[in-house]
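A closer look at the structure
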Amino acid sequence: MKQLSVLVLDDEPRMQDEIEEFLSGQQYMIYKAGAPSKAFGILEKTAVDILILDIKLPEMDGLEVLKKVKQSYPDIEVIMISGHGDMNTVIEAMRHGAFDYFQKPFRLPEINHAIERTKRFILLGEKLKSTEHKFDLLSNAIQNIFGHELITKSSAMKKVVDLMSRVAMTDTTSVLITGESGTGKELVARGIHFLSKRKKQFFYSVNCSAVPESLFESEFFGHKKGAFTDAREDKEGWFEIADKGTLFLDEIGDMPMSQQAKLLRVLEEKKLSKLGSRVEVPVDVRVITASNRELFTLSKQGKFRTDLYHRLSTFVIEIPPLRDRKDDIPPLLEYYIYYYAEQMGKFIKSIDPALIGKMMDYDFPGNVRELRNMVERAIILCDNETIGWENFRFSIPASDIEDPGTIIPESTLDLAVIEKNVILKALERANNNKSKAAELLNITWQSLDRRMEKYGIK
């Protein structure tokens, strides 16, 4: 914390000098004034943290000074002193914002203890302001990128914002973002990038589960013309594209084991060789990864390199699911309702309060993405100025191939049950052809294969 500056306003020069002599030894910057006019002259030119203020003064009394200071300089903390112990005066001073009050004569260490208490209060205020500033800064950055501010009321997400702000101040620290599907991992990654020194450089996002294993090395590191049969020209890899910027690797848990060692080498050495070339190219990239799978568990199972896990997880940010931060449901619901109403040219005047209650009772296994999709569908169905529960349907996501309008009873709102049933229906429709089933489900066949193994589907 910076050195605190203290202004002593007392019409007794001896009292000014005693306080100055004592507090100077405590490493405070001291200013003195014998009249309010001189004190306000100092305040106009100097940033003061604490005002030690006598009640009885020329020109105006201390209570009037207190009111004017709190009106013009609300962040200054005021400690009142007086030769009169009038309780009404004490109450009045506290009502108008005084931090503490002492009756003359007092021991100087008591004043120092009061300043120490005030210092802790000021430090807490600075932290709160810093957090709010970071939140506003991040929200503005998100608004510039996506056209809307960061929408949250929950303390859990504000903690995420604080972590984002802190790690953004570092330049190369690897960040691992964990959380269920639909919680907004890429949004957090973009926020870190746009709060960092790299914000004017490129942010490149890659979904690792969507890249065939045979193309991983070429996509990551690039290739030279003639490196393989279809390499008809030189190609930059993701690391070169994101050079000086940020590379976001989503679903990093799906990266083939055969490629993980090569990724680790680039992260450690900060240089790479293209396929078909022996020349090493330096790269300056911040890598942010994300996964909805538990990488530590995968590393224990031998499905993810332990050394790569530790390299990627230097700084971990876990995004809580929507069911654990239900304070965010009402503002998200309101935002998406009016957003999609505007997009579709519909006039929604109000939201039925019963709808908010119903939504607060739902666990949202698909998180914010599910809420957004539900609202979009509800706006399509709504023909009134008030949107209500009747416009919403908790339907199987992407989903119930046979009947997309099916309402799932609350007793079966279990994501694992829903997902397994959807996979079984997709396989049935595709005559057990995994590629076609994956296409129906809008996921990769590798992702389908992994989910089939998870649910014991043969």
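Residues numbered from 1 in each chain as written. Predicted model: local features only at pLDDT ≥ 70, side-chain atom pairs only at ≥ 80, totals over all residues. Heavy atoms only, no water.

**Comments concerning the overall build of the protein chain**
Each helix and strand counted, the protein chain has 18 helices and 14 strands in total. Buried residues in the protein chain amount to 45% of all 458 residues. Taking all contacts inside the protein chain whose residues are at least 6 apart in sequence as the whole, residues at least 24 apart take part in 68%. Accessible area of the protein chain: about 24000 Å², with a carbon and sulfur share of 50%. (Helix = DSSP H or I, 4+ residues; strand = E, 2+ residues; numbered from the N terminus. Buried < 20%, exposed > 50% of the residue type's maximum accessible area, 1.4 Å probe, protein only. Contact = heavy atoms within 4.5 Å. Areas by Shrake-Rupley, 256 points an atom, 1.4 Å probe, with all protein chains shown as cover.)

**Points about the nonpolar core**
Counting 28 residues, the largest nonpolar core has Phe 220, Phe 239, Leu 247, Leu 249, Ile 252, Leu 263 and Phe 304 as the members making the most contacts within it. Those elements giving two or more residues to this core turn out to be α8 (216-221), α9 (238-241), β8 (246-250), α10 (257-269), α11 (295-300) and α12 (306-312). Take this core: its biggest share by element is four residues, from α10. Setting aside chain neighbours within four positions, we find Ile 252 in contact with Cys 208, Leu 263, Thr 289, Ala 290, Ser 291, Leu 295, Phe 304 and Leu 312. Residues Leu 333, Ile 337, Ala 341 and Ile 379 belong to the second largest nonpolar core, which totals 24 residues. (Core = buried A, V, L, I, M, F, W, Y, C linked by side-chain atoms within 4.5 Å.)

**Topic: empty space enclosed by the protein**
Overall, the coordinates contain one cavity of 30 Å³ or more when judged by the stated rule. Here the largest cavity defines a volume of roughly 120 Å³. In terms of lining, the largest cavity is formed by Thr 172, Ser 174, Phe 239, Val 266, Leu 267, Lys 270, Val 283, Asp 284, Val 285, Arg 286, Val 287 and Arg 311. Across the lining of the largest cavity, the residue classes break down as six nonpolar, two polar and four charged. (1 Å grid on protein atoms, 1.4 Å probe; cavity = no way out; pocket = protein on both sides within 12 Å on 5 of 7 lines; lining within 4 Å. Points joined across faces, edges and corners; volume = space filled by probe spheres on them. Nonpolar A, V, L, I, M, F, W, Y, C, P; charged D, E, K, R; others polar.)

**Notes on the sheet that holds strand β1 (residues 5-9)**
If you walk across this open sheet you meet the five strands as β2-β1-β3-β4-β5, and the pairing is parallel. Among the strands making up the open sheet, the edge pair consists of β2 (29-33) and β5 (100-103). The sheet shows a mean angle of 20 degrees between the axes of neighbouring strands, direction not considered. Here β1 pairs with β2 via five bridges, running parallel. Each residue of the ladder has a partner; that of Leu 9, found in β2, is Ala 33. Here helix α2 (residues 36-45) sits on the sheet in contact with β1 and β2, set at roughly 145 degrees to β2. (Pairing = 2+ DSSP bridges. Axes fitted to C-alpha atoms, helices over the stretch in contact; angles between N-to-C directions.)

**Some thoughts on the confidence of the model for the protein chain**
Chain-level pLDDT for the protein chain is 81 on average; 85% of the residues reach the 70-or-more range. Here residues 394-413 is a poorly scored stretch, pLDDT under 50, and it has 31 contacts once near neighbours within four places are set aside; other chains count. (pLDDT = per-residue confidence, 0-100.)

**Side note on the sheet that holds strand β7 (residues 203-207)**
Reading across the sheet, the five strands line up as β7-β8-β11-β6-β12 and stay open at both edges, with parallel pairing between neighbours. Strand pairing shows two members of the sheet lacking a second neighbour, β7 and β12 (315-318), which therefore form its edges. Averaged over all neighbouring strand pairs, the angle between strand axes comes to 20 degrees, with direction disregarded. Pairing geometry for β7 and β8, over five bridges, is parallel. Residue Ser 205 lies in a different strand from β8, and its bridge partner there is Phe 248.

**Examining the environment of Val 48**
Note on placement: Val 48 falls in the loop between α2 and β3 (50-54). With relative accessibility at 9%, the residue Val 48 sits in the buried group. Spatially, the C-alpha atoms of Val 48 and Glu 77 are 9.0 Å apart, while their sequence positions differ by 29 residues. Other than its neighbours up to four places away in sequence, Val 48 contacts Ser 5, Leu 7, Leu 43 and Ile 76.

**Section: the environment of Glu 18**
In this structure, Glu 18 sits in helix α1 (residues 13-24). With a relative accessible area of 31%, Glu 18 lands in the partly exposed category. Counting along the chain gives 90 residues from Glu 18 to Leu 108, while the straight-line C-alpha distance between them is 8.3 Å.

**A closer look at the pairing of β8**
Of all five residues in β8, five are buried, a share of seventy percent or more. Side chains Thr 246, Phe 248 and Asp 250 project from β8 onto one buried face, and the interleaved Leu 247 and Leu 249 project onto a second face that is buried too. With four bridges joining them, β8 and strand β11 (residues 286-291) adopt parallel strand pairing. Within β11, the residue paired with Phe 248 across the bridge is Ile 288.

**What to know about the pairing of β3**
Counting buried positions along β3 yields five of five residues, so the element is predominantly enclosed. Bridge count for β1 against β3 is four bridges, and the pairing is parallel. By the bridge assignment, Leu 7 is partnered in β3 with Leu 51. With five bridges joining them, β3 and strand β4 (residues 77-82) adopt parallel strand pairing. Each bridged residue has a counterpart across the sheet, and for Ile 52 the counterpart in β4 is Ile 79. Between the parallel pair β3 and β4, the chain is carried across by helix α3 (residues 62-72), and the sense of this crossover is right-handed. (Right-handed = clockwise from strand over helix to strand, strands pointing away.)

**Re α3**
Counting along an α-helix, one turn takes 3.6 residues, and residues three or four places apart therefore face a common direction. Of the positions making up α3, those classed as buried are Gly 62, Leu 63, Val 65, Leu 66, Val 69 and Lys 70. End-on, the buried residues of α3 take up no more than an arc of 155 degrees, which puts them together on one face. Contacts made by the buried residues of α3 are with β1, α2, β3, β4 and α4 (87-95). For α3, the side-chain oxygen to backbone nitrogen distance between the N-cap and Leu 63 is 3.0 Å, and the N-cap itself is Asp 61. (Arc of directions from axis to C-beta. Polar contact = N/O pair within 3.5 Å; in protein donor to acceptor, adjacent residues only side chain to side chain.)

**Here we look at unusual backbone geometry**
Even without being glycine, Lys 244 reaches a positive phi, approximately 75 degrees. Along the polypeptide, Lys 244 turns up in the loop between α9 and β8. Its identity as a non-glycine residue notwithstanding, Lys 270 has a phi of 60 degrees, on the positive side. As for its position among the elements, Lys 270 is in the loop between α10 and β9 (271-273).

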